[in-house]
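Descriptive analysis of the structure
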2 protein chains.
Amino acid sequence: MKFWKIFLIILLIVGFALFSFPSQGNKETENPISQVLIGLIVILFIAKVGGYLAERIGQPAVLGELIAGIIIGNLALFTGWEGVNFLRFNEHIEILAELGIIILLFEVGLRENVRNMLKVGFSSSLVALIGVVFPFLFGYFSSQLMLTGKPSSVYIFIGATLTATSVGITARVLQDLGKISTNEGRIILGAAVIDDVLGLIILAVVTGIVTSGAVSFSEVSYIILKAVIFLIGAIFLGVIFAPKILKLAQRLWIEGIMLVSALLFAFLLSYLANKVGLASIVGAFAAGLILEEAHFKGFKETTYTIGDMIRPISSFLVPIFFVLMGVQVRIETFKELHVIWLSLVLTVVAIIGKQLCGLGAIGKNLNRISIGLGMMPRGEVGLIFAAIGRKLTIPGTNIPVIDHGTYSAVVIMVILTTLITPPLLKYSFLPKKATKP
Amino acid sequence: MKFWKIFLIILLIVGFALFSFPSQGNKETENPISQVLIGLIVILFIAKVGGYLAERIGQPAVLGELIAGIIIGNLALFTGWEGVNFLRFNEHIEILAELGIIILLFEVGLRENVRNMLKVGFSSSLVALIGVVFPFLFGYFSSQLMLTGKPSSVYIFIGATLTATSVGITARVLQDLGKISTNEGRIILGAAVIDDVLGLIILAVVTGIVTSGAVSFSEVSYIILKAVIFLIGAIFLGVIFAPKILKLAQRLWIEGIMLVSALLFAFLLSYLANKVGLASIVGAFAAGLILEEAHFKGFKETTYTIGDMIRPISSFLVPIFFVLMGVQVRIETFKELHVIWLSLVLTVVAIIGKQLCGLGAIGKNLNRISIGLGMMPRGEVGLIFAAIGRKLTIPGTNIPVIDHGTYSAVVIMVILTTLITPPLLKYSFLPKKATKP
């Protein structure tokens with residue numbers, strides 16, 4: 001069979017490279033660029049093999065990338081071979097991954113525009129709000145049932161970890177399926193942006209309650225103010241000025257100016273979003289929404305659209321993010337029974353809570369299941385909440401708000417909601433069999 | 001004037017971003033991705049402005065990028081403002097720059113092929129050899145004249161710093177001028193590869209002489225063996241297997257596979273080159289030579305050539321390398337008079353020594369001046385030699401082989417040979433006025 005030949009040859013090459021690995025992990029002597037190169041070789045290779053296998057069984061490529069990452073990241077656990085463990089700790093590769101997710105959200109934003117997003121703005125807001133309130137309540141009460149006798153700060157924190165949607169996976173699946181420019185896609189993406197703002201507020205409120213027993217309204221309003229000023233300011237000023245700046249950049253013509261102008265804009269808004277406390281990908285998405293293909297018409301390089309020029313960069317960087325997301329998964333986490341129970345309950349309420357989101361979407365013929373599924377993956381934000389909860393102590397004691405077992409349960413919930421999103425979202429978008437026969 | 005409007009608007013935006021800089025340089029509190037983003041914004045912005053201004057006065061864009069880098073890297077010296085000093089130390093941005101130069105040499109290699117390079121192989125070898133021998137002798141004797149009464153190890157080291165050509169600048173200028181696929185271009189690029197192998201040998205010989213007073217022939221032959229096996233092995237196996245692997249990869253079709261296969265190949269050879277002690281860019285160049293457009297014909301994405309797909313990545317990453325090269329320049333170095341004298345002498349002999357290279361090129365109608373100029377820029381390799389010379393001591397004493405002043409002189413020589421290459425190379429390629437009137 002021809003396919004096995006491919007794998008054999010490529011495996012030989014990679015095997016050759018692997019042999020020359022620093023198996024003792026002597027970071028000091030290893031040249032940093034050399035470690036980045038071998039890391040990229042491993043990541044890109046398994047990303048494409050994983051993506052290919054996933055597509056062969058009818059799944060979005062991103063699922064294959066995640067699972068390939070989980071396998072490679074946990075090789076040491078099963079085989080004892082620690083040659084690729086450096087992938088977990090290599091900060092340079094992490095930065096490349098973060099640039100990858102910024103580029104992905106920028107690319108996704110480019111396929112949409114501000115007008116279409118505002119049209120579904122009310123639905124997005126409702127979806128986001130429901131998707132925060134219900135998971136929080138479900139998380140609060142279910143953890144109260146599971147972990148009896150703890151102070152309420154514990155339940156509040158667990159509830160909070162269930163609120164934040166991680167838009168990376170959903171955006172990628174929507175892209176893999178070609179569903180970004182659907183009303184469902186727009187509602188999900190808009191809701192994810194609002195969700196990020198709500199997440200900031202929740203974090204401030206929850207830590208305020210735990211540390212000082214009270215919510216600082218001035219702090220919370222400052223946070224809201226910054227985020228709202230950024231979003232409205234970026235979109236308002238961007239829509240007015242971006243075309244003008246690009247028009248002027250066209251006259252300052254130099255090789256690559258079209259792409260670099262676009263990247264500058266994406267990086268600038270990502271940076272500013274980060275500065276006001278939002279996720280950098282929210283800024284990148286906003287940058288993509290603001291820039292429209294039409295603004296690039298005057299550039300000399302117009303045989304390519306701006307989307308064409310971003311695609312190679314995203315083909316290179318985006319898989320790094322998803323493989324690394326898999327690599328970060330610690331399978332060791334899945335070993336204590338009570339942790340597994342807690343995690344399963346959290347996963348179920350996390351799913352149900354976000355499924356209710358779909359009800360917030362207003363309009364006819366909307367696929368509300370898809371919207372709920374799109375809001376489902378939790379990600380880094382949930383983990384950030386949990387990590388903060390580990391550092392905070394229950395008032396008057398030395399016990400952390402989120403103990404080790406609870407943290408593991410949250411991690412498992414994040415993994416499960418992330419892994420089941422790609423296939424479910426795909427099936428939810430399949431054309432239905434005639435409902436009215 | 002319209003152009004000022006552009007600058008004003010973009011400066012306003014960047015100014016806004018700059019304001020939110022961590023001016024005290026508190027690295028700890030700053031989010032790494034945030035620092036990388038603002039670094040990329042500054043670098044890409046000044047790269048394009050510098051490149052544009054350079055082209056307006058008829059110079060290759062790379063010169064503008066270098067000078068823009070020097071200006072931004074030395075702002076603190078002139079203005080006292082240290083807001084962009086982090087660019088000098090940010091390792092993540094350095095990695096992006098190194099990936100940039102790897103991509104550039106890969107791209108340059110893609111425009112050529114192994115057959116054409118081998119045709120000029122003899123010329124390349126002679127050019128490389130002459131370009132090592134003469135600069136070494138000139139460096140040895142001129143430093144003997146300038147710095148009298150030192151042990152010969154000092155002169156040997158100074159001679160060695162003059163031998164290595166830095167191909168990055170030349171490759172970029174050849175690309176800016178569209179002169180890669182000329183015989184001169186091929187000879188220069190081939191010679192630069194051989195030069196890198198010679199550089200390894202010289203380093204081993206020179207440090208052997210200084211540390212143990214003798215050359216370890218077994219060590220030197222091991223170094224040569226590794227480098228030669230890599231180059232011949234990569235090219236031989238690559239030419240045979242690359243088309244087959246790509247043919248098979250076409251069947252394993254998935255979004256982005258064509259680009260990622262090419263990148264995997266480039267990264268793999270860069271990594272292996274690094275492992276045998278060669279510069280990673282030599283591996284990237286070899287990878288580019290081996291891959292030919294023809295091998296990519298069967299991919300579904302063939303509306304784009306592989307060159308088209310690499311270009312956006314290089315537009316993004318390559319300027320980072322050259323701006324950062326400028327940022328690393330310390331203008332403080334130019335202050336002691338005797339250092340300046342030494343550096344000027346070294347620069348002059350560095351230029352003359354490499355100019356003789358052109359004589360090694362065999363064939364009619366070759367622009368030998370261009371070949372000599374193409375070999376002129378010294379770069380990181382010269383600095384590496386000098387840095388090793390600073391750590392080694394003159395046998396029987398505590399005095400470093402390369403003292404502080406000599407090191408500064410070498411740095412200035414590197415800067416000057418680098419900065420004058422782009423304009424001179426450009427002029428040398430201009431069509432000559434009728435020589436026989």
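We now turn to the structure provided with this report. What you see is a predicted model; the values in this text were computed from it and never measured.

1. Points about the packing of aromatic side chains
Residues and elements named next belong to chain A. The final tally for this structure, using the stated rule, is twelve aromatic pairs over all chains. Between Y140 and F141, the aromatic rings sit 5.2 Å apart at their centres with planes inclined by 70 degrees, giving edge-to-face as the arrangement. By relative accessible area, which is 47% here, F141 ends up partly exposed. An angle of 90 degrees between the planes, with centres 5.1 Å apart, marks the rings of F321 and F322 as edge-to-face. Each member of the pair F321 and F322 is classed as buried. Lying over the aromatic face of Y407, R390 brings its terminal NZ or CZ to 4.4 Å of the ring centre.

2. Comments concerning the environment of L356(A)
Residue and element names in this part refer to chain A. Along the chain, L356 falls in the loop between α16 (337–355) and α17 (368–374). Judged by its relative accessible area of 25%, L356 is partly exposed. When the C-alpha positions of L356 and G131 are compared, they lie 7.0 Å apart, and in sequence the two are 225 residues distant. Those residues in contact with L356, other than ones at most four positions away along the chain, are I130, F134 and F138.

3. Considerations on the relation of the copies chain A and chain B
Overlaying chain A on chain B yields an RMSD of 0.0 Å, the required transformation being a rotation through 180 degrees with an accompanying axial translation of 0.0 Å. In the structure described here, the two chain copies are related by an operation that fits a two-fold rotation axis. Looking at chain A, 100% of its interface residues are interface residues in chain B too, so the copies touch through the same face.

4. Overview of the interface of chain A and chain B
Counting residues at the interface gives 66 residues for chain A and 66 residues for chain B. Between chain A and chain B, the buried area comes to about 6300 Å², and carbon and sulfur atoms account for 80% of it. Of all residues in chain A, K48(A), L252(A) and Y271(A) give up the largest surface area on contact with chain B, accounting jointly for 11% of the area buried on that side. Where chain A meets chain B, there are five residue pairs in polar contact (both at pLDDT 80 or more). Residue assignment for the side of chain A that touches chain B shows that the elements contributing at least two residues are α1 (2–19), α2 (32–56), α6 (91–110), α12 (217–251), α13 (257–275) and α15 (306–327) of chain A. Per-element tally for the side of chain A that touches chain B: the top contributor is α2(A), with 14 residues. Along the lines of polarity and charge, the residues of the side of chain A that touches chain B split into 44 nonpolar, ten polar and twelve charged.

5. Side note on the packing of helix α9 (residues 152–161) of chain B against helix α11 (residues 183–212) of chain B
Residue and element names in this part refer to chain B. Two numbers describe how α9 lies on α11: the axes approach to 10 Å, and their chain directions differ by 170 degrees. Comparing their axes, α11 and α9 come out roughly antiparallel. Of the residues in α11, those touching α9 at S153, I156, F157 and A160 are I202, V206, T207, I209 and V210. In terms of residue class, the contact of α9 with α11 is made up of seven nonpolar, two polar and no charged.

6. Observations regarding helix α8 (residues 121–146) of chain B
Residues and elements named next belong to chain B. Its 26 residues give α8 an end-to-end C-alpha distance of 37 Å, which sits within 8% of 38 Å, the value for a rise of 1.5 Å per residue. Residues S123, S124, V127, A128, I130, G131, V132, P135, G139, Y140, S142 and S143 constitute the buried set of α8. Contacts made by the buried residues of α8 are with α9, α11, α16 (337–355) and α17 (368–374).

7. Looking at the nonpolar core
With 312 residues, the main nonpolar core has F267(A) and F267(B) as its most contacted residues. Those residues within four positions of F267(B) in sequence are excluded, and the remaining contacts are L37(A), L40(A), I41(A), L44(A), F316(A), L99(B), I102(B) and I103(B).

8. Focus: the side chain of S280(B)
Note on placement: S280(B) falls in helix α14 (residues 280–290). In this structure S280(B) comes out as buried when scored by relative accessible area, which is 11%. Other than its neighbours up to four places away in sequence, S280(B) contacts L37(A), I102(B), S270(B), A273(B) and N274(B).

9. Looking at unusual backbone geometry
Peptide bonds are mostly trans, and most non-glycine residues show a negative phi. All names here are of chain A. The backbone of N365 shows a phi angle near 55 degrees, a positive value even though the residue is not glycine. Here N365 lies in the loop between α16 and α17. Taking relative accessible area as the criterion, N365 reaches 78% and is therefore assigned exposed.

10. Focus on the environment of G213(B)
Structurally, the position occupied by G213(B) is in the loop between α11 and α12 (217–251). Taking the C-alpha atoms as reference, G213(B) lies 8.6 Å from P395(B); in sequence the two are 182 residues apart.

11. A word on the pattern of salt bridges
Residue and element names in this part refer to chain A. Summed over the entire model, instances satisfying the criterion amount to 16 salt bridges over all chains. Taking the shortest distance from any N to any O, the salt bridge between D403 and K150 comes out at 3.4 Å. Highlighted residues: D403 in the loop between α18 (380–391) and α19 (404–429) and K150 in the loop between α8 (121–146) and α9 (152–161), separated in sequence by 253 residues. With relative accessibility at 26%, the residue D403 sits in the partly exposed group.

12. Observations regarding the packing of α12(B) against α14(B)
Helix-helix packing: each pair is described by the crossing angle between the helix axes and the interaxial distance. Residue and element names in this part refer to chain B. Interhelical geometry of α12 versus α14 gives an angle of 30 degrees and a closest axis separation of 9 Å. Looking at the two axes, α12 sits roughly parallel to α14. The two elements α12 and α14 cross, and the hand of that crossing is right-handed. Together, F230, L231, A234, I235, G238, V239 and A242 of α12 and V282, G283 and I290 of α14 make up the contact between the two elements.

Cut-offs and rules
Residues numbered from 1 in each chain as written. Chains lettered and ligands numbered in written order. Predicted model: local features only at pLDDT ≥ 70, side-chain atom pairs only at ≥ 80, totals over all residues. Heavy atoms only, no water. Phe/Tyr/Trp six-rings, centres within 6.5 Å; stacked < 30°, edge-to-face > 60°. Buried < 20%, exposed > 50% of the residue type's maximum accessible area, 1.4 Å probe, protein only. Lys NZ or Arg CZ within 6 Å of the ring centre and 35° of its normal. Helix = DSSP H or I, 4+ residues; strand = E, 2+ residues; numbered from the N terminus. Contact = heavy atoms within 4.5 Å. Least-squares fit on C-alpha atoms with pLDDT ≥ 70 in both. Buried area = accessible area lost by both parts, 1.4 Å probe. Polar contact = N/O pair within 3.5 Å; in protein donor to acceptor, adjacent residues only side chain to side chain. Nonpolar A, V, L, I, M, F, W, Y, C, P; charged D, E, K, R; others polar. Axes fitted to C-alpha atoms, helices over the stretch in contact; angles between N-to-C directions. Parallel < 35°, antiparallel > 145°, perpendicular 65-115°, else oblique. Expected span 1.5 Å × (residues − 1). Core = buried A, V, L, I, M, F, W, Y, C linked by side-chain atoms within 4.5 Å. Salt bridge = Lys/Arg side-chain N within 4 Å of Asp/Glu carboxyl O. Left-handed = near helix turned anticlockwise from the far one by under 90°.

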